[in-house]
Amino acid sequence: MGRDVIVACDFASKADVMNFLDKFEGASRKPFVKIGMELYYAEGPQIVRDIKARGHKIFLDLKLHDIPNTVKKAMKVLSNLDVDMCNLHAAGATSMMQGALEGLTREDGTRPILIAVTQLTSTDQETMERDLLIKEPIDKVVMHYAYTAKNAGLDGVVCSPLEAGKVHETCGKDFVTVTPGVRFADGDVGDQKRVMTPAQAKEIGSDYIVVGRPITAAEDPVAAYERCVAEFVG
Ligand code: C5P
């Protein structure tokens, strides 16, 4: 699986995202685009078709979590939308993850890359113990969820770039790590707490970096994207 930079297009409307993507018309490389809940729920599945029609790969970040049968059917719908990557919560457990894979697999045997969210980065040790009644250390829980996802047949996990090396040690080097929390060395960290530069993420073995505001809010988004690609893909 090749390394790539995924641009988190956290925009509220089709007009805003298309205005952003227009800047890349004629650029040498079309960004892999992440569509999240906000844009998808505002615009519906047509937004995926519209962005695909412009030649972008799509990571649809909807983080499914429900009973296996429901997730299987929902994943079938997403697969027909021809997304390139989608995700779910590993907390849905093995049967849900296997159902998701079944739903995603097309008649010709192809399917989008399926990755798992382990523990949300908004959940810390205290929250996990108090609200979820999980008493194990959070690092162990994250690695266990990653391992369970791998055993269910998934392709990888979303994780902090700081965890990518450990995930590869635990689950093998081919198990994909998709890592947000990336910032340029001279950039604004914003609300992200644990960050790495694209070059550091490459060094530690991330397969995909997810970069939002350092590109979307840059004065020159195409230059910021190209800088990310140069540092991460090389
Ligand atoms: O703007 P920024 O680079 O912080 O955007 C990062 C993207 O990655 C956002 O879409 C955010 O929702 C997502 N993300 C994250 N941390 C996670 C999982 C996803 O920042 N643990």
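Just above, that's the structure.
Source: prediction; values computed, not measured.

Engineer: How would you summarise the packing of aromatic side chains if you had to cite specific residues and measurements?
Structural biologist: What the rule picks out here adds up to five aromatic pairs. Both rings, one in F24 and one in Y225, keep their centres 5.6 Å apart while their planes meet at 85°; by these two values the pair is edge-to-face. Pair noted here: F24 is in the loop between α1 (14–22) and β2 (32–36) and Y225 is in helix α11 (residues 221–232), with a separation of 201 residues, a long-range link. Exposure class is identical for F24 and Y225. Each is buried. When the centroid spacing of 5.9 Å and the interplanar angle of 75° are considered together, the rings of F32 and Y208 count as edge-to-face. With F32 in strand β2 and Y208 in strand β8 (residues 208–211), this residue pair connects regions lying 176 residues apart in the sequence. The pair formed by F32 and Y208 is uniform in burial state, with each residue classed as buried.

Engineer: Now, about unusual backbone geometry: what can you tell me, with residues and values included?
Structural biologist: Within the chain, D82 stands out as a residue other than glycine whose phi angle is a positive 70°. Of note, the phi angle at L133 is positive, near 60°, even though the residue is not glycine. Along the chain, the position of L133 falls in the loop between α6 (125–131) and α7 (138–152). Residue class for L133 comes out exposed when judged on its relative accessible area of 65%.

Engineer: How would you sum up the packing of α1 against helix α3 (residues 46–53)? Please name residues and give values.
Structural biologist: Orientation of α1 relative to α3, taken along the N-to-C sense of each, is 15°, at an axis distance of 12 Å. By the criterion of interaxial angle, the relationship of α1 to α3 is roughly parallel. Both α1 and α3 take part in a crossing whose hand is right-handed. Of the residues in α3, those in contact with K14, V17, M18 and L21 of α1 are I47, D50 and I51. Each residue belonging to the contact of α1 with α3 can be placed in one class, and the counts come to five nonpolar, no polar and two charged.

Engineer: How would you explain the sheet that holds β2 if you had to name every residue and give the values?
Structural biologist: Taken in spatial order, the eight strands of this closed barrel run β1-β2-β3-β4-β5-β6-β7-β8, and their pairing is parallel. The sheet shows a mean angle of 25° between the axes of neighbouring strands, direction not considered. Of the pairings in the sheet, the one linking strand β4 (residues 85–89) to strand β5 (residues 113–117) comprises five bridges and is parallel in character. Within β5, the residue paired with N87 across the bridge is I115. Along the sheet face, helix α4 (residues 68–80) touches β3 (58–64), β4 and β5 and points at about 165° away from the line of β3.

Reading the values: rules and limits
- Residues numbered from 1 in each chain as written.
- Predicted model: local features only at pLDDT ≥ 70, side-chain atom pairs only at ≥ 80, totals over all residues.
- Heavy atoms only, no water.
- Phe/Tyr/Trp six-rings, centres within 6.5 Å; stacked < 30°, edge-to-face > 60°.
- Helix = DSSP H or I, 4+ residues; strand = E, 2+ residues; numbered from the N terminus.
- Buried < 20%, exposed > 50% of the residue type's maximum accessible area, 1.4 Å probe, protein only.
- Axes fitted to C-alpha atoms, helices over the stretch in contact; angles between N-to-C directions.
- Parallel < 35°, antiparallel > 145°, perpendicular 65-115°, else oblique.
- Left-handed = near helix turned anticlockwise from the far one by under 90°.
- Contact = heavy atoms within 4.5 Å.
- Nonpolar A, V, L, I, M, F, W, Y, C, P; charged D, E, K, R; others polar.
- Pairing = 2+ DSSP bridges.

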